[in-house]
Amino acid sequence: MADAREEFIRSLPKAELHVHIEGTLEPEMMFELAARNGVDLPYGDVAEVRAAYSFDDLQSFLDIYYEGASVLQLTQDFDDLMSAYLQRAHADGVRRAEIFFDPQTHTERGIGFDVFMAGFLAAIERAQRELGISAALIMCFLRHLPVDAAADTLELALPHREHLLGVGLDSSEVGHPPEPYAPVFRRAAELGLRRVAHAGEEGPPAYVAGALDALGAERIDHGVRAESDDALIARLADSSIPLTVCPLSNLALGGVERLEEHNLKRLMDRGVMVTVNSDDPAYFGGYLLDNYVRTARALDLTSDDLATLARNSIEASFATDDERARWLAELDAISA
Ligand code: HPA
Ligand code: ZN
């Protein structure tokens, strides 16, 4: 039975700002889509898939994550994937989701923007109508691929510009600093797109500074490795740059050995605008509510801490002023 703290967290209006839609592909759906599309999976059953989800680091996860995405082929597949995530997020008390997708994972397989965008948008519009959840799409560039490929991807996305909230940068971080992507992010800014970037997940604090300086990132995805650089932490705190922290992801990929060692609370105590997120929940063992609940237990977070994390998530979102004011008023009524 859900305990009182879990029900309190569920009741808090929250935004999820760091979730990769391809990372919400549950093994059951992977098998269903593989059967539907005639894809051979290197696993015999769902239990074998889950057994393969034992990761040493980011790259060992990414190899399996990109392989899993191969079952996504038709518009209906992308619709089913998005729909399942939004229903789950709604059940966790998420009012707003800003959802990453990796277009290059699909275009490289010959699956075009028209195919996946139609599925994502159909699911988002339906969830908005039926559940009242607000959702928007952020397109991430894969940093293990050449910068030119990112630039080409941005041009391919232009017919869908009105359905994109922003751009991000993800995939293998170490050895792929942000600076070379500056021209692509400049072009995105000219198109009126919001800018975020993964930095400081496994990479050094310099990558976080680079994401801010070279890419104009408005939020840093992860950012936990900024902790060792006092000047950078002061900068993040003073400028209220949000970090979209993903505790169960950090645990699954070896960023921390135990959740009790996670620096989320230390970062909060130093004035950084921290948010909690799920990253790739089908792979890391928990959706948004689980991330809050397990982190709250591990770090002894108070009700005030939890309300602050929820408030940060709404303030850090790119939702309209009206939407944010509505959710903040709702939050005030619960946590005042
Ligand atoms: N880091 C980098 N790339 C990713 C991640 C992540 O946590 N999840 C999906 N792609
Ligand atoms: Zn991520």
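In what follows, the accompanying structure is described. (Residues numbered from 1 in each chain as written. Chains lettered and ligands numbered in written order. Predicted model: local features only at pLDDT ≥ 70, side-chain atom pairs only at ≥ 80, totals over all residues. Heavy atoms only, no water.)

**Regarding the overall build of the protein**
Along the protein, the regular secondary structure elements total 17 helices and eight strands. Relative to the 2.2 N^0.38 estimate, which gives 20 Å for 336 residues, the radius of gyration of the protein is 19 Å and therefore close to what a compact globule would have. Long-range pairs, those at least 24 residues apart, make up 75% of the contacts in the protein between residues at least 6 apart in sequence. Split by element, the accessible area of the protein, about 12800 Å² in all, is 49% carbon and sulfur. (Helix = DSSP H or I, 4+ residues; strand = E, 2+ residues; numbered from the N terminus. Rg over C-alpha atoms; globule rule 2.2 N^0.38 Å. Contact = heavy atoms within 4.5 Å. Areas by Shrake-Rupley, 256 points an atom, 1.4 Å probe, with all protein chains shown as cover.)

**As for the packing of aromatic side chains**
Scanning all chains against the criterion turns up 16 aromatic pairs. Here the aromatic rings of Phe 78 and Phe 116 are separated by 5.9 Å at their centres, their planes lie at 55 degrees, and the arrangement is tilted. You can see Phe 78 sitting in helix H5 (residues 75-91) and its partner Phe 116 sitting in helix H7 (residues 113-131), a full 38 residues away along the chain. Considering the side-chain rings of Phe 116 and Phe 120, the 6.1 Å spacing of their centres and the 45 degrees angle between planes classify their relative orientation as tilted. With Phe 116 and Phe 120 both in helix H7, this residue pair falls four residues apart, about one helical turn. With respect to burial, Phe 116 and Phe 120 carry one shared label: buried. Counting every residue linked through ring pairs, the aromatic cluster contains Tyr 53, Phe 55, Phe 61, Tyr 65, Tyr 66, Tyr 283 and Phe 284. The lysine or arginine in question, Arg 219, covers the ring of Phe 318, its NZ or CZ lying 4.0 Å from the ring centre. (Phe/Tyr/Trp six-rings, centres within 6.5 Å; stacked < 30°, edge-to-face > 60°. Buried < 20%, exposed > 50% of the residue type's maximum accessible area, 1.4 Å probe, protein only. Lys NZ or Arg CZ within 6 Å of the ring centre and 35° of its normal.)

**What to know about the site of ligand 1**
Taken together, His 20, Leu 58, Phe 61, Leu 62, Tyr 65, Asp 170, Ser 171, His 198, Glu 201, His 222, Asp 279 and Asp 280 make up all the residues around ligand 1. The contact in question runs from a nitrogen atom of ligand 1 to an N or O atom on the side chain of Glu 201, over 2.7 Å. At 2.7 Å from a nitrogen atom of ligand 1 is found a side-chain nitrogen or oxygen belonging to Asp 280. Burial of ligand 1 by the surrounding chains reaches 100%, relative to a free accessible area of 260 Å². For the shell around ligand 1, the element with the most residues is helix H4 (residues 58-68), which contributes four residues. Of the residues contributing to the shell around ligand 1, the split by class is four nonpolar, four polar and four charged. (Near = heavy atom within 4 Å. Polar contact = N/O pair within 3.5 Å; in protein donor to acceptor, adjacent residues only side chain to side chain. Nonpolar A, V, L, I, M, F, W, Y, C, P; charged D, E, K, R; others polar.)

**Overview of the pairing of strand E6 (residues 219-222)**
Looking at chain direction, strand E5 (residues 194-199) and E6 are connected through four bridges and run parallel. Looking at E6, one finds that Ala 197 is bridged to Ile 220. Crossover handedness for the path E5 to helix H10 (residues 205-213) to E6: right-handed. Handedness of the crossover joining E6 and strand E7 (residues 243-245) through helix H11 (residues 230-238): right-handed. (Pairing = 2+ DSSP bridges. Right-handed = clockwise from strand over helix to strand, strands pointing away.)

**Comments concerning the pattern of salt bridges**
Oppositely charged side chains may form a pair once their charged atoms are brought near each other. The final tally for this structure, using the stated rule, is 25 salt bridges. As a salt-bridge pair, Asp 79 and Arg 126 come within 2.7 Å of each other at their nearest N and O atoms. Taken together, the residues Asp 79 in helix H5 and Arg 126 in helix H7 connect sequence positions 47 residues apart. Taking the relative accessible area as the measure of exposure, Arg 126 reaches 24% and is therefore partly exposed. Ionic contacts of the salt-bridge type, sharing partners, join the residues Glu 32, Arg 36, Asp 77 and Asp 80 into one network. (Salt bridge = Lys/Arg side-chain N within 4 Å of Asp/Glu carboxyl O.)

**Observations concerning H11**
For H11, the complete set of buried residues consists of Leu 232, Ile 233, Leu 236 and Ala 237. Down the axis of H11, the sector holding all buried residues measures 135 degrees, keeping them to one side. Exposed side chains of H11 directed beyond 90 degrees from the buried face belong to Asp 230, Ala 231 and Asp 238. Looking at the buried residues of H11, the elements they touch are H10, E7 and helix H13 (264-269). Of the residues flanking the start of H11, the one acting as N-cap is Asp 229, its side-chain oxygen 3.1 Å from the backbone nitrogen of Ala 231. Of the residues trailing H11, Ser 240 is marked for its positive phi of about 50 degrees. (Arc of directions from axis to C-beta.)

**Section: the pairing of strand E4 (residues 166-170)**
Taken across its five residues, E4 has five buried, putting it largely inside the fold. Residues Gly 166, Gly 168 and Asp 170 point to one face of E4 and Val 167 and Leu 169 to the other, with burial holding for every one of them. Alignment of strand E3 (residues 134-142) against E4, held across five bridges, turns out to be parallel. Within E4, the residue paired with Met 139 across the bridge is Val 167. Each parallel crossover has a hand, and for E3 linked through helix H8 (residues 147-157) to E4 it is right-handed. Note: E4 against E5, two bridges, orientation parallel. Residue Gly 166 lies in a different strand from E5, and its bridge partner there is Arg 194.

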